[in-house]
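# Remarks on the overall topology
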Amino acid sequence: MIKNVRHFAVAGCTLFFVGCAEPEKQAVNTQDEATRPDFNVMEDVNHKKQSFFTFLRPFVQQENARVSQERSFLLAIQTQLKVGQAISPNDLSEARQLGDAYNHELTSDAVTESWLDAMLLRVDMIPEELVLSQAANESGWGTSRFAVEGHNYFGQWCYTQGCGLVPSARGEGAKHEVAVFSDAAQSVHAYFMNVNRNRAYAELRDIRANERAAGQPVTGLKLAEGLHRYSERGQEYVDEIQGMIRHNKQFWQQG
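Residues numbered from 1 in each chain as written. Predicted model: local features only at pLDDT ≥ 70, side-chain atom pairs only at ≥ 80, totals over all residues. Heavy atoms only, no water.

## Some points on the pattern of salt bridges
Inspection of the entire model under this criterion finds ten salt bridges. Salt-bridge contacts for Arg-208 lead to Asp-124; the nearest nitrogen and oxygen are separated by 3.7 Å. Taken together, the positions of Arg-208 in helix H8 (residues 202-213) and Asp-124 in the loop between helix H4 (113-122) and helix H5 (128-139) put the pair 84 residues apart, joining distant regions of the chain. Asp-124 gets classed as buried once you look at its relative accessible area, which sits at 2%. (Salt bridge = Lys/Arg side-chain N within 4 Å of Asp/Glu carboxyl O. Helix = DSSP H or I, 4+ residues; strand = E, 2+ residues; numbered from the N terminus. Buried < 20%, exposed > 50% of the residue type's maximum accessible area, 1.4 Å probe, protein only.)

Written out as structure tokens, the structure is:
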């Protein structure tokens, strides 16, 4: 059974996030406000980068720990099925809740191999160098209006009037807003759930699964190849994120 794991309400939608719930207005987390550095006043580039990564890294680690626990739970159930062991009612209930969270509902009264295979594609870790590079890219190293006012570090959108911040350069006829989160932790959580369950990033999840199956380490450089639909710039965006990962390799934790 998964213990001490909860999902925040996913409060944002990226450009290609289809069918997500609209965000509610989020109260500002004063603890996050107190600990968030003022990246706008930092003049030394390396200091700004180190401060940005240090600020967001614990939230990325928290999300990867959650996903790792969820994945271990699914793998344990998979092992039980393979040896013919019955799934307990409690574990079945946990599996059903997890399926709902990842938009892959368990419709039958029993866990199936096909359902587990689909879930294991979604419930998996994302390398921190990829998460942090995208956050830096999308938020201008934490200096964007959306990061400062809305704790939105990944450019996630919402589509109900008043759900977020209206972009100053929004095109005529466009109705999207930039989602507002209560703190950085919710922004990172929403990013993880978006990448791990949005059909736009199925390619990234397939790459990750293939690397695992081949016994290769799952790296941010490799997974970035599956981000063509994260931005309208397509391959240019992928190249930019991969360039940031390479250029900032001294900041990535090893081991």
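## Re the confidence of the model for the protein chain
When pLDDT is low, close inspection of the predicted coordinates is not appropriate. The pLDDT averaged across the protein chain works out to 86; a share of 82% of its residues lies at or above 70. Contacts from residues 3-28, a stretch scored under 50 in pLDDT, to residues over four places away or in other chains number 72 contacts. (pLDDT = per-residue confidence, 0-100. Contact = heavy atoms within 4.5 Å.)

## A look at H4
Think of an α-helix as 3.6 residues a turn; residues three or four steps apart then line up on the same face. Trp-115, Leu-116, Met-119, Leu-120 and Arg-122 are the residues of H4 that are buried. Looking straight down H4, one finds its buried side chains confined to an arc of 150°; they lie on one side. Among the structural elements, helix H2 (45-82), helix H3 (89-101), helix H7 (184-197) and H8 are those in contact with the buried residues of H4. (Arc of directions from axis to C-beta.)

## A few points about helix H10 (residues 235-247)
With 13 residues, H10 extends 18 Å from end C-alpha to end C-alpha; this agrees with the ideal 18 Å at 1.5 Å per step. Every buried residue of H10 is listed here: Tyr-237, Val-238, Ile-241, Gln-242, Met-244 and Ile-245. Along the axis of H10, the buried residues cluster in a sector spanning 155°; they form a single face. Residues of H10 that are exposed and point over 90 degrees away from its buried face: Arg-246 and His-247. Buried residues in H10 make contact with H5 and helix H9 (220-223). (Expected span 1.5 Å × (residues − 1).)

## Re the packing of H2 against H7
In the contact formed by H2 and H7, the axes pass within 9 Å of each other and the chain directions differ by 45°. What the angle tells us is that H2 and H7 run oblique. Read as a crossing pair, H2 and H7 show a hand that is right-handed. Of the residues in H7, those touching H2 at Phe-55, Leu-56, Phe-59, Val-60, Gln-62, Glu-63, Asn-64, Arg-66 and Val-67 are Ala-184, Ala-185, Val-188, His-189, Phe-192, Met-193 and Asn-196. Each residue belonging to the contact of H2 with H7 can be placed in one class, and the counts come to ten nonpolar, four polar and two charged. (Axes fitted to C-alpha atoms, helices over the stretch in contact; angles between N-to-C directions. Parallel < 35°, antiparallel > 145°, perpendicular 65-115°, else oblique. Left-handed = near helix turned anticlockwise from the far one by under 90°. Nonpolar A, V, L, I, M, F, W, Y, C, P; charged D, E, K, R; others polar.)

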